[in-house]
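Summary of the model geometry
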Amino acid sequence: MEVLIKKLTYQEFRQMDFGDDDSAWYELINGELVKKQSPTLRHQIISANIEFALRIFANQTNSGRMLHAPMDVVLDDGNAYHPDVFFVKKERSFILENAEEVVMGAPDLVVEILSKSTGIYDRGIKKDIYERYGVREYWLVDPRTSTIELYTYTEQRYKLVALYEANERLKSLALEGFELELAEVFKD
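**Section: empty space enclosed by the protein**
- Considering all chains together, one arrives at one cavity of 30 Å³ or more under this definition.
- One number sums up the size of the largest cavity: a volume of about 50 Å³.
- What lines the largest cavity is simply E27, V34, K35, K36, Q37, S117, T118, Y121, D122 and K126.
- Sorting the residues of the lining of the largest cavity by element identifies β2 (32–36) and α3 (119–123) as the ones contributing at least two each.
- The element that contributes the greatest number of residues to the lining of the largest cavity is β2, accounting for three residues.
- Of the residues assigned to the lining of the largest cavity, the class counts are two nonpolar, three polar and five charged.

**Section: the pattern of salt bridges**
- Within the structure shown, the criterion is met by 18 salt bridges.
- One salt bridge connects E27 with K126, and the closest N-O pair in it is separated by 3.0 Å. With E27 in strand β1 (residues 25–29) and K126 in helix α4 (residues 125–132), the pair connects residues that are 99 residues apart, well separated along the chain. Like K126, E27 is buried.
- A salt bridge links R42 to D188, with the nearest nitrogen and oxygen atoms 3.1 Å apart. Highlighted residues: R42 in helix α2 (residues 41–61) and D188 in the segment after α5 (182–185), separated in sequence by 146 residues.
- One salt-bridge network, in which partners are shared between bridges, spans E27, K36, E112, D122 and K126.

**Notes on the side chain of D84**
- Within the secondary structure, D84 is located in the loop between β5 (79–81) and β6 (85–89).
- As a buried residue without a salt bridge, D84 has its nearest oppositely charged side chain in K36, at a separation of 4.5 Å.
- Polar contacts involving the side chain of D84 include one to the main-chain amide nitrogen of I113, which spans 2.6 Å.

Basis of the calculations
- In every chain, residue numbers begin from 1 and rise along the written sequence.
- pLDDT decides what is reported in this predicted model: residues at 70 or higher carry local features, side-chain atom pairs at 80 or more are listed and counted, and totals for whole chains, interfaces and linings draw on all residues regardless.
- To get the side-chain values, take all heavy atoms of the structure and skip hydrogens and water.
- Cavities and pockets are defined on a 1 Å grid built over the protein atoms alone: a cavity is a set of grid points where a 1.4 Å probe fits but cannot escape, while a pocket is an open set with protein on both sides within 12 Å along at least five of seven lines, and lining residues are those with an atom within 4 Å of any such point.
- Grid points are joined across faces, edges and corners, and a volume is the space filled by probe spheres set on the points.
- Strands are runs of DSSP state E lasting at least two residues, helices are runs of H or I lasting at least four, and both sets are numbered from the N terminus onward.
- Any residue outside Ala, Val, Leu, Ile, Met, Phe, Trp, Tyr, Cys, Pro, Asp, Glu, Lys and Arg is labelled polar, Gly included; the first ten of those are nonpolar and the last four are charged.
- Think of a salt bridge as a Lys or Arg side-chain nitrogen and an Asp or Glu carboxyl oxygen that are within 4 Å of each other.
- Accessible area is worked out with a 1.4 Å probe on protein chains only. A residue is then buried under 20% of its type maximum, exposed over 50%, and partly exposed in between.
- Working convention for charge: Lys and Arg count positive, Asp and Glu count negative, and His plus the chain ends are omitted.
- Side-chain atoms alone can form a polar contact between residues adjacent in sequence; in general such a contact is a pair of N or O atoms within 3.5 Å, and within protein one must be able to donate a hydrogen while the other accepts it.

Structural measurements only, silent on function.
Written out as structure tokens, the structure reads:
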């Protein structure tokens, strides 16, 4: 016998009330509520290092906005994620929904920092959904190996452009002129 589970819509997800003592983050993945554990210290250090570099780039070039979790990025009625770090170029700022204070559409860059609890989603269904909605560049940051996989959206599919290691310099294709020293990303 097959058990059917009612899928949530984004509006139902937004109306859910989580207690003040609940420190978890929740994402809506294909209509299912998925609980995320609080990030580790290493995760937060890596995230902050990437955010810092992207914020400097955004300020110097006036090219867009760097944002970070927790913030809803709504891709469709059943998928609302909290990317660890993401960037929306100035010419696509229309997806920054001021009335709801969320992002309604695909950012230009999404960065997900892998962990035991989120890796299966970040490499699987979330990657597929980001690809379906045309996120131009997707980074998978692996704290264990000090590497970043850079995928670019081309011909309506993701293509692995490079696997950057700790001593290399990442060059973004979606954010023209943005480069990132991985030694700076993974330093404590």
